[in-house]
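Observations on chain architecture
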Amino acid sequence: MTRIDPHPTLTSALSQQEELAARASEMETVRRLPADLAEKLAEGGLFRMVTPSAYGGLECSPRQIVDAVEAVAEANASAGWCVMIGATTAMNAAYMAPDMAREVYNDPMTITGGVFAPMGKAVVDGDDFIVSGRWQWGSGSANCSWLCGGAIILEDGEMRRLPTGKPDARMMVFPADDAELIDTWHVMGLKGTGSGDIAVKDIRVPKARSVSLVTDKPQVDGALYAFPAFGLLRLGVAATAMGNAKGALDALIDLGRVKKNQGSSKTLGERATVQAKTAEMLGTFRAARAYLHDEIDQTWDIAQTEGEIPVERRAALRLACTHMVRTGAEIARQAYDIGGGAALFENSDLQRRFRDAHAMTQHIVTAPATYELLGRMAYGLPTDAGMV
């Protein structure tokens with residue numbers, strides 16, 4: 001795939017593809033991103049793409065972020081997923097009190113991670129919260145120096161509520177040393193992401209080191225922080241799926257050049273039906289990729305010129321992300337099918353691409369329920385668009 005005038009983070013991602021691909025099986029065995037690979041990715045700036053420039057970050061554009069994550073995932077989807085989580089979690093820096101943001105993010109090798117879902121509780125205690133909780137899906141946590149977890153706010157023994165009546169929840173940012181990492185990550189796909197549980201018990205978190213991406217406003221300027229915060233997370237998931245689908249197509253073509261079915265003198269790639277299906281898959285992939293890029297560009301134009309992103313534009317971006325993830329999974333399935341018995345073996349990249357793609361489809365931001373939400377909006381029906 002030709003890329004013109006790559007951003008430094010894309011150049012870094014491309015330069016690491018060979019090693020990331022070679023170590024995919026190792027990552028599945030240890031079920032995490034090895035520390036030395038995390039360090040190399042950090043040195044290349046891949047975890048600082050969303051960090052504000054005010055704190056030494058790169059403050060990349062959404063397309064630059066997507067291109068870099070796609071390139072990592074093209075080599076190794078688990079590594080791409082870890083980069084996506086580490087990069088997008090740094091959105092917290094834009095919403096945090098500046099002194100706290102500097103404490104967390106000024107070190108250029110900082111890697112952050114965590115879970116937005118409000119599975120914890122935070123009791124108000126003066127200028128602090130006393131936080132306890134256990135969060136699932138803590139991707140890449142073993143390499144993080146800081147973690148975060150969503151928590152419901154309790155004040156004077158009562159659950160604090162927003163004007164909408166919903167519980168008030170904030171992300172609590174805390175040193176990784178304050179947390180226990182629980183090895184629950186025994187799964188089918190994205191096995192190398194180390195997405196086990198995170199737990200804390202009665203730790204103290206300053207209020208100024210907590211964040212709400214729903215009710216707070218960014219404390220730094222920049223078009224990137226006018227871009228929908230949850231949109232960046234969805235873009236990261238879609239970019240990982242996009243890179244994985246490209247990797248599946250490459251693996252199929254590599255196999256097709258050499259594999260011959262039993263009793264046949266033709267390679268897989270010399271069979272007309274395989275040629276036609278491969279071309280169809282390439283067209284489907286390129287269409288989904290172009291669609292995603294177009295929606296990113298339209299949203300980014302508004303972020304740069306008007307700031308506030310209307311809900312219809314946020315919904316359009318989310319639909320493109322969901323479409324890319326679902327399309328990527330179907331491409332990986334088709335590539336696995338065409339690969340036949342050879343794709344079943346653990347030394348085949350096709351089986352890993354298939355498993356990783358279908359792990360991504362389970363993420364809440366691009367799960368099938370997304371279509372129902374966006375369909376309701378298309379018909380003008382009452383819809384809670386707070387998370388769009």
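Residues numbered from 1 in each chain as written. Predicted model: local features only at pLDDT ≥ 70, side-chain atom pairs only at ≥ 80, totals over all residues. Heavy atoms only, no water.

The next subject is helix α1 (residues 8–15). Of all the residues in α1, the buried ones are Thr9, Leu10, Ser12 and Ala13. Down the axis, α1 shows its buried residues gathered within 160° of arc, on one side only. Summarising the geometry of α1, the exposed residues directed more than 90 degrees from the buried face are Pro8 and Ser15. At its buried positions, α1 is contacted by α2 (17–22) and α5 (62–75). (Buried < 20%, exposed > 50% of the residue type's maximum accessible area, 1.4 Å probe, protein only. Helix = DSSP H or I, 4+ residues; strand = E, 2+ residues; numbered from the N terminus. Arc of directions from axis to C-beta. Contact = heavy atoms within 4.5 Å.)

Glancing now at the nonpolar core. Side chains of nonpolar character tend, in soluble globular proteins, to be buried together. Counting 112 residues, the largest nonpolar core has Leu33, Met49, Val131, Met172, Phe174, Leu235 and Leu292 as the members making the most contacts within it. Ranked by the residues each element gives to this core, the list is headed by helix α9 (residues 229–258), at 16 residues. In contact with Leu235, other than residues within four places in its own chain, are Pro62, Val66, Phe227, Leu292, Ile296, Leu317 and Cys321. Counting residues in each nonpolar core, the second largest holds five residues, with Ala315, Leu373, Leu374 and Val388 among its members. (Core = buried A, V, L, I, M, F, W, Y, C linked by side-chain atoms within 4.5 Å.)

Moving on: the packing of aromatic side chains. This model, assessed by the stated rule, comprises five aromatic pairs. Relative to Trp185, the ring of Trp137 lies with its centre 6.1 Å away and its plane at 85°, an arrangement referred to as edge-to-face. Note that Trp137 is positioned in the loop between β2 (128–135) and β3 (146–155) and Trp185 in the loop between β6 (180–182) and β7 (197–206), a separation of 48 residues in sequence. On the basis of relative accessible area, Trp137 is assigned to the exposed category, the value being 54%. Among the residues examined, Trp185 registers a relative accessible area of 9% and is labelled buried. (Phe/Tyr/Trp six-rings, centres within 6.5 Å; stacked < 30°, edge-to-face > 60°.)

In terms of burial, β3 is largely enclosed, as eight of its ten residues are buried. Here strand β1 (residues 112–125) pairs with β3 via eight bridges, running parallel. Each residue of the ladder has a partner; that of Val123, found in β3, is Leu154. In this sheet, strand β5 (residues 169–175) lies alongside β3 in antiparallel orientation, the contact comprising seven bridges. (Pairing = 2+ DSSP bridges.)

Attention shifts here to the environment of Ala320. The topology assignment puts Ala320 in helix α11 (residues 311–339). For Ala320, a relative accessible area of 0% corresponds to the buried category. Remark: the alpha-carbon pair of Ala320 and Arg234, spanning 86 residues in sequence, is separated by 9.5 Å. Contacts of Ala320, omitting those with residues within four sequence positions, involve Tyr291, Leu292 and Glu295.

What helix α13 (residues 369–378) keeps buried is the set Thr370, Leu373 and Leu374. The arc enclosing the buried residues of α13, seen along the axis, measures out at 90°, which places them on a common side. Facing away from the buried side of α13 by more than 90 degrees, the exposed set consists of Ala369 and Glu372. Contacts made by the buried residues of α13 are with α11. Downstream of α13 by one or two residues, Gly380 has phi in the positive range, about 70°.

This brings us to the pattern of salt bridges. When the charged atoms of two side chains lie near each other, side chains of opposite charge can form a pair. As enumerated under the stated definition, the model contains 24 salt bridges in all. The partner of Glu19 in a salt bridge is Lys40, and the shortest N-O contact between them spans 2.9 Å. Here the residue Glu19 occupies a position in helix α2, and Lys40 occupies one in helix α4 (residues 35–43), the gap between them amounting to 21 residues. Of the residues examined, Lys40 reaches a relative accessible area of 32% and is grouped as partly exposed. In this structure, the salt-bridge partner of Lys246 is Asp250, at a minimum N-O distance of 2.9 Å. Of the two residues, Lys246 and Asp250 both sit in helix α9, four residues apart, roughly one turn of that helix. Salt bridges here are not isolated pairs; linked through shared partners, they connect Glu19, Arg23, Glu26, Asp36 and Lys40. (Salt bridge = Lys/Arg side-chain N within 4 Å of Asp/Glu carboxyl O.)

The quantities given are spatial measurements derived from coordinates; they are silent on function.
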